Structures are given as C-alpha cells and as structure tokens.
Amino acid sequence: MSNNISIRKAVKKYGENVVIPDLSVEIKEGEFFTLLGPSGCGKTTLLRMIAGFNSIEGGDFYFGDKRINDLDPSKRNIGMVFQNYAIFPHYTVRKNVEFGLKNKKFPKEKIKEQSEKFMKLMQIDQYADRMPERLSGGQQQRVALARALCIEPDVLLMDEPLSNLDAKLRVEMRTVIKNIQHNVGITTVYVTHDQEEAMAVSDRIAVMNAGVIQQIGTPKAIYQRPANLFVSTFIGRSNILNGTLQVENGKTFIVTKSGYRAEIKGVREEHRKNQNVVLSIRPEEFLLDRDATQGIEAVVDDCVFLGLNTHYFVHLTSGEEVEIIQESSIDSIIEPGSKIMLTLNTEKVNVFTEDGSENILTGVHNDRPED
Amino acid sequence: MVKKRFDGWFIVSIVMLLLFIAVLIYPMFGIIKQSVIMPDGSFSWSQFQKFFGQSYYSKTIVNSFKITFFVTFMTLLIGIPFAYFYAFYRLKGAKILFVISILCCMSAPFLGAYSWVMLLGRAGVITKFFKSAFGIRLPSIYGFGGIALSQTLKFFPLVFIYMNGAFKSIDNTLMEASSNMGCVGVKRLFNIVLNLTMPTILAASLMVFMQAFADFGTPTVLGEGFKTFPVLLYNEYLGENGSDYNFAAALAVIAVIVTAVIFFLQKWATSRFKFSINALHPVEKKPAKGFGGFLMHLYCYLLCAIAFLPQIYIIYLSFRKCRGAVFSPGFSLGNYQQAIKKKLWMASKNTVVMGVLALLIIIVIAVILAYLVVRRSSALNHTLDTISMLPYIMPGAVIGIALLIAYGAKPFALTGTMTIMIMSFAIRRMPYTIRSATATLMQIPISIEEAAVSLGASKLKTFTKITVPMMSNGIISGAILSWVAIVTELSSSVILYSNKTATLTMQAYIYIGRGEYGTAAAFAAILTVITAISLFLYMAISKSEDDIQL
C-alpha cells in the first residue's frame, strides 16, 4: 500500500514569478518526511503539487513507478490532512470518514469495517454519530486523520496539521501522528514551519529556503552538522561569529576576532588553508568559566532564568553579541555587568566558508540529490 | 484547480453569458433604442428634450429626488438611534421589536400607504377623532408629507437591520480604549461608533434610496397632485391618456442613469472608508435602567407601534362590514366572500406557482454564479458578476417595460403570460441572492473541496455533495427573503400582469384602485399573513438571532 515518491527537477511558476526553480527529492517507502522552512519558502506549494492542487510547470513526479503529473487529484490515491482540518460540517464523523471509501467504491461491509477500525485507532469511535461542530480542534484533526488514512492511500500528505491547535494539544497530537504513521507504515510528507515539531516527528527533514532544498537529513544530522549557514540558523539557535582558519604544522586552528584561538579537528582536506570563515556556535556550545584567565573576554548584559537553564546575553570585546545557555546551578546567577571568560566546545562548533554556503567540516550528511 | 483546461465549467460560463445577454443586455438595449428611434425609424433626441423641456414632466424627477433624499435622511435619523439602543442595551422584549420591524419593511409598500389613508385620510378614523374631540384639522395625508411618512416608517427597519449588524461587529476593546482616553457618551457615539460604521451607514442609505426612488405603490396611492418619476413612467406607458412608448422608454433610460449615478456615488463614498471591522469581543449589552432606560423603551416601542399600526389596521378592516368604499359598523366575513368571488384562489395559485418557479431559477443561477466568481475566478466570470448587478440599478417599472419591448411582440409574444412575470420576478431579485450566495461561498475554505477531491470525489460530486450543501443555510435564508420580496412585488408586475396572471398583491392594488376597500383589505390581510408566516420560517431557519442578509 505504501510507495516511494520521487520528484525530479520540479519547477513551479506563478506567471513570471518562479517559486521553485529546480527541485529534486527522493522520499523512501514508509518514511516520515518533513518539508521545513520559513513561510513563503515553497514547502506548501511543493506539497500541493504532489497532491495535484497546484499545476506543475516542469519536472516529473512519481509514486513508485507511476508518473502522476497529469493524474487528476481524485485519482492519485493520496490521503491529505489540512491545516484547517477541512471536515465536512454537514456530515457526521462517521460519514466524514466513510466519504472516501464510498468514492473509492469499497464494498459495503468493507466500508463499515474500515471506518470502524480507523475511528477506533484514532479514538474517535465514541463520537461517530456527532456532527463535527460539536468536536474540539484536536478531535476534528483526529477525524481528518482517520478520514485520510482509511482509504489506504499510497502516500499521506499533511499541511501544517497542528498549527491551529493550542500549544499543549500540539505536543500531544504530534505524538499521536508519529505513532499512527509508524503503525500504518505509510509514506508521509509533512509540512511545517516549526522546527521543534519537525525534529519530534520526522525520520528525515528537508530544510527549504526560497524554493531550494538546503539540506536533507535526520534531525540529528541537520542539527549537529548543518550543511550551510542558513540551516544552522534556522534549525535551533546559533551565534554567528566571524573568524579565520589558520593551518600550522598540519593542525588547524580557528581564531575569533577578539583573538581567541583554539584547535579544531575534522576540517575537510580541500579547505585546509588560511582563510576567513564564519563560526556557528550554539548557545550551549559555549563553556562559561568565571575564574578562567584564558578564553574570550565577555561582559554579561542580561540574564534570564528559565528553570532548567539560564540564558545569558553577553557582548564580546569585539562588540559582537552572543547568547549563552547554561544549566542553572544552585548558587547565584551571574549578575549583569560581570566580566566572564568563554571557551568553546570545539567538537560541536560548526565552521562555514566566508559566504556561509558550505560547512567545511567532515561529518555533514546531505541526502539532497546532486543536480 | 489543476490546469486551466476548458472544462465543463467554461461551458457553464458561456451559457450564463448568453442567458444574461438575453434577459438583461438585450432588453436594456431595446429600451435605449426605443428612446431615440422614433416609430418612423428616424433618430431623435426629442423624447429627452420633451422631458427636460416641459416642467410638467421634469418636475417629477425633482419631486422624486426631494422625497427620496428626505426619506433616506429621515430613516437614518430614526433608524440609527433605534439600532443603537437595540445593539448596546438590553431592552425588554427586544425580540418583539426585531420581529415587528422586519414585518414592517417586508410588507408591500402601497398597503401601508392605503392603510394610512384609512387612518389619516379625509374620512380616516384618526382625522375624524381629532376633529370631533379637539376640533383640530390634521394636515392632509396626500402629497409630500404623506409619502414621506409612509415611506419613512416602511424603510427605517432597513437602516436598523444594517446598523445592528455593524454595531455588533464593533470590538468592545475599541469602546474601552476610547473611554480610557476620555471619550465617552455622545462624543464617543459620533467620533468612534458612527465613524466606524460609516461604510454600513452608506450601504443602508443606498438601499433605502434605491427602494424609495423606485417605489411606485406609495406615491400612486398618496400622491394626488404630487407626481413622482415612477408614477409618470407608468402613466406614460400604460396611462389613461394613451401611451407613448418612445417617451416611456426615454424615461426608463433616465431612471437607470439616475440610479446608476447614485450607485457609483455611493461606491465612491464607501471607498473612502476602507477598513473592515470584525469583533473578537462583541460589545456586551448594558441594562437599560433609570429614566434614560425608560426613554429608550418608549422610543423603540412607540416607533414600532406607529410603523406596525397600518398592518394591524388593515387586518382589522378586512373583518369589518363594508359596501364599496364605505365601512359600516359591525364585523363580518363578507370581504373574504367578496375576495373569493374575485379570483382569490386563482391569485393565490398564481402567487405560489410564479413565486416558487422564480425562486428556483434565482437559486440555481445564484449558486452557479457564486461558484464561478469565487472558485473559478476569470475575466469572463467577473464580467458575468458585473452584468448580474444590472437589475440593482433598474427600477421595477424599467424591468417591466424592458421585458415587454424585448419579448412582448412576436416571435416571442410573451405579453400577459406567466413566463414574462416569472422572468421579471427572477431578474429583480437576482442580485440580492447572488450577493448572499457569493458571501456564503467565500466563507467556505477551499480546502474542504480539496479534501473531497483527494478522497476520490469527482468535480461534479464535490460540487453537489459538498459545496452546495454547505451553502444551503445561506441560500435558504436568502431564498425566503427573496420569496417575500417576490410575493409583495408590484412595480414591474403592474406593467406585466394580465387577468390570468394577477397575484394577491396585484388584486389588492386593483381593488384599492376601484375603491372596493373591503375586498382590497381582505387581499391585503391574506398577503400580510403569508409574509408573516414566511418571515417566521426564515427566523426559525437562519441560526443567528437578529442577523438578516438582505
């Protein structure tokens, strides 16, 4: 029932305006695949091209071996879940779930059996004969999922399905979605702009910007070794510092503007030369030591206590401002105005070429098909 | 949705275009042609010169403007406070006030006028009462004053309905912010509340203006020497002094130009208030207490009582003994027996048959057009939308004349048939239903239709099983209002009716004209009851308490 999806050299234009210039991606069978990016990056556009609600101006879309470019949306055998649920308000929950089965001409007994099964699975069987307006947002989204899944689609498409829910329900529903996808084993394409949500549910994530896929990889891979500066700043928080790379006796060092120098391992062979670089340091990758004499000198401007962690906003002698996260300790918080010394966890820091287009370290995984 | 193919909907657009050309553009063209092409085939502006050159004629348009502007102003003056009290204060029996005002504005205008004659005319009960009790001679009900009174009391509920909707959409935080900055009471009413609702005030003004300007019944009953434009138009077309079709056509052209100018002026004025308000926290109604509260109740109830008086009185009259134009003491069902003899059953049947058929046509066209405009946006479909608004600026009499010119003669020869009556009903009411169907469809997110398609439903099935049922609430409530408007329609049917196609409204009008007031009262009472029942049905179906989509 499940299928892999391959998209080759897809192009989307609105009139003269090119939204997606040239996009290729391979989505594996049974995978939970997320399109993640800022609003307007083309992720929903791409999803709607797969669904058939947007025209395709170029390239090929395949479900397995079947080219679907010219297939009517109603014949693509997809399950779709919409941001606003799109529940038919004039049908009961049961009729909503059965709608697709009837269109697909399932036999009568099968319709009943299949709809019961999925309503049970989504825990909405007790509302089966209610009208949708008497359901909460979370329950409506469960109906939408049951309705999309029970037709045994080749692929499941979800367009920001959680963004209309409140924060608590959002966390609850994403677990529901992940579990159900795992149980059913259906190839799923999920669109969101919420990176935490993407990390929580996905097998792999494609980070998109301006209609171009920047990196495809597991949540761990894109967080720890982002392929470029955009990915590093979009996924999680990153402090960006300018610096230089220096090669001495076969060892590589990074030097910050304020003069701090540290050895860095794992620079790829072709990049081992003296050059300007951009350092991307996550707030938790700074090591803060009040008594140290070595390191980057900094002054605390502000601190925010958030329970588990304490965030410090500091400025360096070079004038650059950075954010630091430390696990809260039982003794007192460092007061604003204090001078501190920072060192780096060089194992985790990422180093990019001066223009930010490429991570120069080894260990970057990018499944983006080379074009 | 997928690719811009020439699918089935394109053919639907073309069919709609041909239909609109046939029933709107072609008749309109016919009127323009007849206004400048004389019977001998020569081109001439003489008809227009005749109108503007002779004050006997041109005076009517001055009269119409005078009365219409005055009535529009008066309806705002009394309607806005009424709506303000209703929307912001918890009035006792608010529901009753609402129902009464709806009943008032939905009745046929000339019935109110006729009832006022019975009350305030030369032999009216109130006139006689004042004369015998106080020796006071009340001013005449005929002429400007009478028309203004009758129309104002008939149309102020339109202002009320519009303004109540607007007041309810004012967010409470705006009111609080305003009082927080020291702007309260009357100052806040003028600076904030009325300014915020200015687009609605303008929309209500246009609605009243169009209806009052085109109203044929009231000035016919109450005008006497004070002749308005629609009355002149009717007299020139079917008058006792012989008819002048070319002149009538020229008058129709002038009428359309006037309403079109007003229409665009209003659009221009509205465009200067480009903001929309949408209340997340609607204003909570305050209790109307103390002396101020008493005055509010007094104002609202007195207004409704006066406006409703004619309808009550007409029902009362229908049970009075009557011979010709003279009512005598005592009650009987004689008027109803007379009415039965005067084709009551046939008129009822005509009303229902023609009303229902026209309604079905309107609904089908409105649903299709709304779908084309909202979901299949294209230059062609927007042209259709614009053309469909044409009847909005065509007074009823103009539609009647236009249809007769286009389809009265051979090869169609529809004069006096039910077909031409149904056509005119459908055309007159179409723009309103299209508006409400379009508004309803715009609120339905397209993803619901996409969900149906992704679940394997065909385009046709999605339209019939998902789109149309979801629109049905809006359509049904709109249809009931259209039904009421059709049932009480006079100004085009007075031109198009024949012996065989007279409706209840026509019968009532005819017998008022013949001076058989008892029989007329019986017809009018039946009509009032039908209107009331329809409106109660409307209120039962439309969910919201006091929103009404006109």
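Quick caveat, the model's predicted, so the values are computed rather than measured.

Further remarks concern the overall build of chain B. Each helix and strand counted, chain B has 24 helices and 4 strands in total. On C-alpha atoms alone, chain B measures out to a radius of gyration of 24 Å, which is about the 24 Å that the 2.2 N^0.38 rule sets for 550 residues. For chain B, the spread of C-alpha atoms along the principal axes amounts to about 75 × 70 × 50 Å. The buried share of chain B, taken over its 550 residues, is 57%. Long-range pairs, those at least 24 residues apart, make up 79% of the contacts in chain B with a sequence separation of at least 6.

As a further point, take the packing of helix 1 (residues 8–36) of chain B against helix 13 (residues 245–271) of chain B. Residue and element names in this part refer to chain B. Where helix 1 contacts helix 13, the two axes come as close as 7 Å, and the packing angle between them is 120°. By the angle between their directions, the pair helix 1 and helix 13 is classed as oblique. Crossing hand, helix 1 versus helix 13: left-handed. Here helix 1 contributes Met28, Ile31, Ile32, Gln34 and Ser35 to the contact with helix 13, which in turn contributes Tyr245, Asn246, Ala249, Ala250, Ala252, Val253 and Val256. By residue class, the composition of the contact of helix 1 with helix 13 is 9 nonpolar, 3 polar and no charged.

Residue and element names in this part refer to chain A. In space, the 5 strands of this open sheet follow the order 13-12-11-14-20, with antiparallel pairing throughout. Among the strands making up the open sheet, the edge pair consists of strand 13 (261–263) and strand 20 (350–353). Direction aside, neighbouring strands of the sheet carry axes that sit 40° apart on average. Where strand 12 (residues 251–256) meets strand 13, 3 bridges bridge the pair, whose relative direction is antiparallel. Its bridge partner lying in strand 13, Ile254 is registered against Ala262.

All names here are of chain A. An order of 15-19-16-17-18 is seen for the 5 strands of this open sheet, with the pairing classed as antiparallel. The sheet is open, and its two edges are formed by strand 15 (286–289) and strand 18 (321–327), each paired on a single side. The mean angle between the axes of side-by-side strands here comes to 45°, regardless of whether they run parallel or antiparallel. Direction of pairing for strand 16 (residues 296–305) relative to strand 17 (residues 309–316): antiparallel, over a ladder of 7 bridges. Across the sheet, the residue bridging to Asp302 is Phe313, located in strand 17.

With that settled, consider the interface of chain A and chain B. Contacts between the two partners involve 26 residues from chain A and, on the opposite side, 21 residues from chain B. Roughly 2000 Å² is buried in total at the junction of chain A and chain B, and carbon and sulfur atoms are behind 61% of that figure. The largest share of the area that chain A buries against chain B comes from Phe53, His90 and Asn103 of chain A, three residues that together contribute 24% of it. At the junction of chain A with chain B, the criterion picks out 1 salt bridge. Taken together, the links from chain A to chain B amount to 6 residue pairs in polar contact (both at pLDDT 80 or more). If you tally residues by element for the side of chain A that touches chain B, the top one is helix 2 (residues 93–103) of chain A, at 3 residues. Across the side of chain A that touches chain B, the residue classes break down as 13 nonpolar, 7 polar and 6 charged.

It is worth spelling out the packing of aromatic side chains at this point. Under the defined criterion, the tally for this structure stands at 52 aromatic pairs over all chains. Plain terms: the ring middles of Tyr56 of chain B and Tyr57 of chain B are 5.1 Å apart, the flat faces sit at 70° to each other, and that makes the pair edge-to-face. On the numbers, 4.8 Å between centres and 70° between planes, the contact of Tyr371 of chain B with Phe463 of chain B is edge-to-face. Of this pair, Tyr371 of chain B sits in helix 16 (residues 344–375) while Phe463 of chain B sits in helix 21 (residues 459–487); the two residues are 92 residues apart in sequence, bridging distant segments of the chain. Comparing Tyr371 of chain B with Phe463 of chain B shows no difference in burial state: the two are buried. An aromatic cluster is built from Phe51, Phe52, Phe65, Phe69, Phe209, Phe213 and Phe229 of chain B, whose rings are joined through pairwise contacts. The ring of Tyr14 of chain A carries the charged tip of Lys12 of chain A above its face, separated from the ring centre by 4.7 Å. Across the ring face of Phe253 of chain A, the terminal group of Arg261 of chain A is positioned such that the distance to the ring centre comes to 4.1 Å.

Our next topic: the pairing of strand 2 (residues 17–27) of chain A. Across 7 bridges, strand 1 (residues 5–14) of chain A lies against strand 2 of chain A in antiparallel orientation. Directly across from Ser6 of chain A, in strand 2 of chain A, lies its bridge partner Glu26 of chain A.

Attention shifts here to the domain arrangement of chain B. Residues and elements named next belong to chain B. In terms of domain boundaries, chain B breaks down into domain 1 (61–229 + 274–318) and domain 2 (327–550). Across the boundary between the two partners, domain 1 contributes 32 residues, which contact 38 residues of domain 2. Between domain 1 and domain 2, the buried area comes to about 3100 Å², and carbon and sulfur atoms account for 76% of it. Connecting domain 1 to domain 2 are 0 salt bridges. The tally of links from domain 1 across to domain 2 stands at 4 residue pairs in polar contact (both at pLDDT 80 or more). For the side of domain 1 that touches domain 2, the elements supplying multiple residues, two or more each, are helix 4 (94–106), helix 5 (109–120), helix 7 (144–168), helix 10 (198–214), helix 11 (217–222) and helix 14 (290–318). Here the residues of the side of domain 1 that touches domain 2 are counted per class, giving 23 nonpolar, 7 polar and 2 charged.

Analysis parameters
- The numbers attached to residues start from 1 for each chain and follow its sequence in the written order.
- The naming scheme follows written order: chains are lettered A onward, ligands numbered 1 onward.
- It should be noted that, the model being predicted, local features are given only for residues of pLDDT at least 70 and side-chain atom pairs only at 80 or more, the latter also being counted only at that level, while totals for whole chains, interfaces and linings use all residues.
- Hydrogens are left out, water is left out, and the side-chain values use all remaining heavy atoms of the structure.
- Every helix listed is a DSSP run of H or I at least four residues long, and every strand listed is a run of E at least two residues long, numbered separately from the N terminus.
- Atoms counted for the radius of gyration: C-alpha only. Globule rule: 2.2 Å times residue count to the power 0.38.
- For every residue, the accessible area (1.4 Å probe, protein chains only) is compared with the maximum for its type, and the residue is labelled buried under 20%, exposed over 50%, or partly exposed between those bounds.
- The contact definition used throughout considers only heavy atoms, calling two residues in contact when any of these lie within 4.5 Å.
- To obtain an axis, a line is fitted to C-alpha atoms, over the contacting stretch when the element is a helix, and the angle between two such axes runs from 0 to 180 degrees between their N-to-C directions.
- Here roughly perpendicular refers to angles of 65 to 115 degrees, roughly parallel to angles under 35, roughly antiparallel to angles over 145, and oblique to all remaining angles.
- In this scheme the handedness of a crossing depends on how the near helix is turned from the far one: anticlockwise by less than a right angle means left-handed, clockwise means right-handed.
- Residues were grouped as follows: Ala, Val, Leu, Ile, Met, Phe, Trp, Tyr, Cys and Pro as nonpolar; Asp, Glu, Lys and Arg as charged; and all remaining residues, including Gly, as polar.
- Only when DSSP finds a minimum of two bridges between them are two strands counted as paired.
- Summed over both partners, the accessible surface that disappears when two parts come together, traced with a 1.4 Å probe, is what is meant by buried area.
- Take a side-chain nitrogen of Lys or Arg and a carboxyl oxygen of Asp or Glu: if they are within 4 Å of each other, that pair is a salt bridge.
- Polar contacts, as used here, are pairs of N or O atoms within 3.5 Å; protein pairs need one atom able to donate a hydrogen and one able to accept it. Residues neighboring in sequence count only if both atoms are side-chain atoms.
- Note on aromatic contacts: the rings of Phe and Tyr and the six-membered ring of Trp form a pair at centre separations within 6.5 Å, being stacked when their planes are under 30 degrees apart, edge-to-face when over 60 apart, and tilted otherwise.
- For a ring to carry a charge above it, either NZ of a lysine or CZ of an arginine must fall within 6 Å of the ring centroid while also lying within 35 degrees of the normal to the ring plane.
- Domain delimitation in this document rests on an assignment produced automatically or drawn from a domain database.

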